[in-house]
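Next come the chains, spelled out residue by residue.
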Amino acid sequence: MTLNELQRIKLWHVAHRVEHPLEYHLWDAVLTVWLVGWVGWLPAFAFEQVWTMPLCVLAMASPSIYVTWRRRAHCARKLRCDWITQSS
């Protein structure tokens, strides 16, 4: 997932935070986990905490995982995601 895609989704959530407060806060949580993954890998590597490396990689992939999950739910008509229709 590119930074432009992350920004586009974030801007949609900011613009619609009144109508979709849960989605807004959930996306912030996903971005927080993503940032923790990017920041955490260097100390994990420096302090030889190998067991944390897969967690950091999973955290770095969290936005892609979240968007994939939401896209599948949207296509299956289980969940409506207006910000997905603007992607691609």
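Being a predicted model, the structure only gives us computed values, none of them experimental.

Novice: Would you take a moment to explain the nonpolar core for this structure?
Specialist: Considering soluble globular proteins, one finds that nonpolar side chains tend to be buried as a cluster. Core analysis: the biggest nonpolar cluster contains 11 residues, these being L6, I9, W12, W27, V30, L31, Y66, V67, C81, W83 and I84. Put simply, the parts of the chain that give this core at least two residues each are α1 (3-15), α2 (21-46), α4 (62-75) and α5 (82-85).

Novice: When you look at α4 in this model, what are you seeing that I'm missing?
Specialist: Every α-helix carries 3.6 residues per turn, so stepping three or four residues along brings you back to the same face. Compared with an ideal rise of 1.5 Å per residue, which puts 14 residues at 20 Å, α4 spans 20 Å between its outermost C-alpha atoms and is within 8% of the ideal. Of all the residues in α4, the buried ones are S62, P63, Y66, V67, R70 and A73. An end-on view of α4 places all buried positions within 130 degrees of arc, on one side of the element. Along α4, the residues that are exposed and aim more than 90 degrees away from the buried face are R72 and C75.

The rules we used
- Residues numbered from 1 in each chain as written.
- Predicted model: local features only at pLDDT ≥ 70, side-chain atom pairs only at ≥ 80, totals over all residues.
- Heavy atoms only, no water.
- Core = buried A, V, L, I, M, F, W, Y, C linked by side-chain atoms within 4.5 Å.
- Buried < 20%, exposed > 50% of the residue type's maximum accessible area, 1.4 Å probe, protein only.
- Helix = DSSP H or I, 4+ residues; strand = E, 2+ residues; numbered from the N terminus.
- Expected span 1.5 Å × (residues − 1).
- Arc of directions from axis to C-beta.

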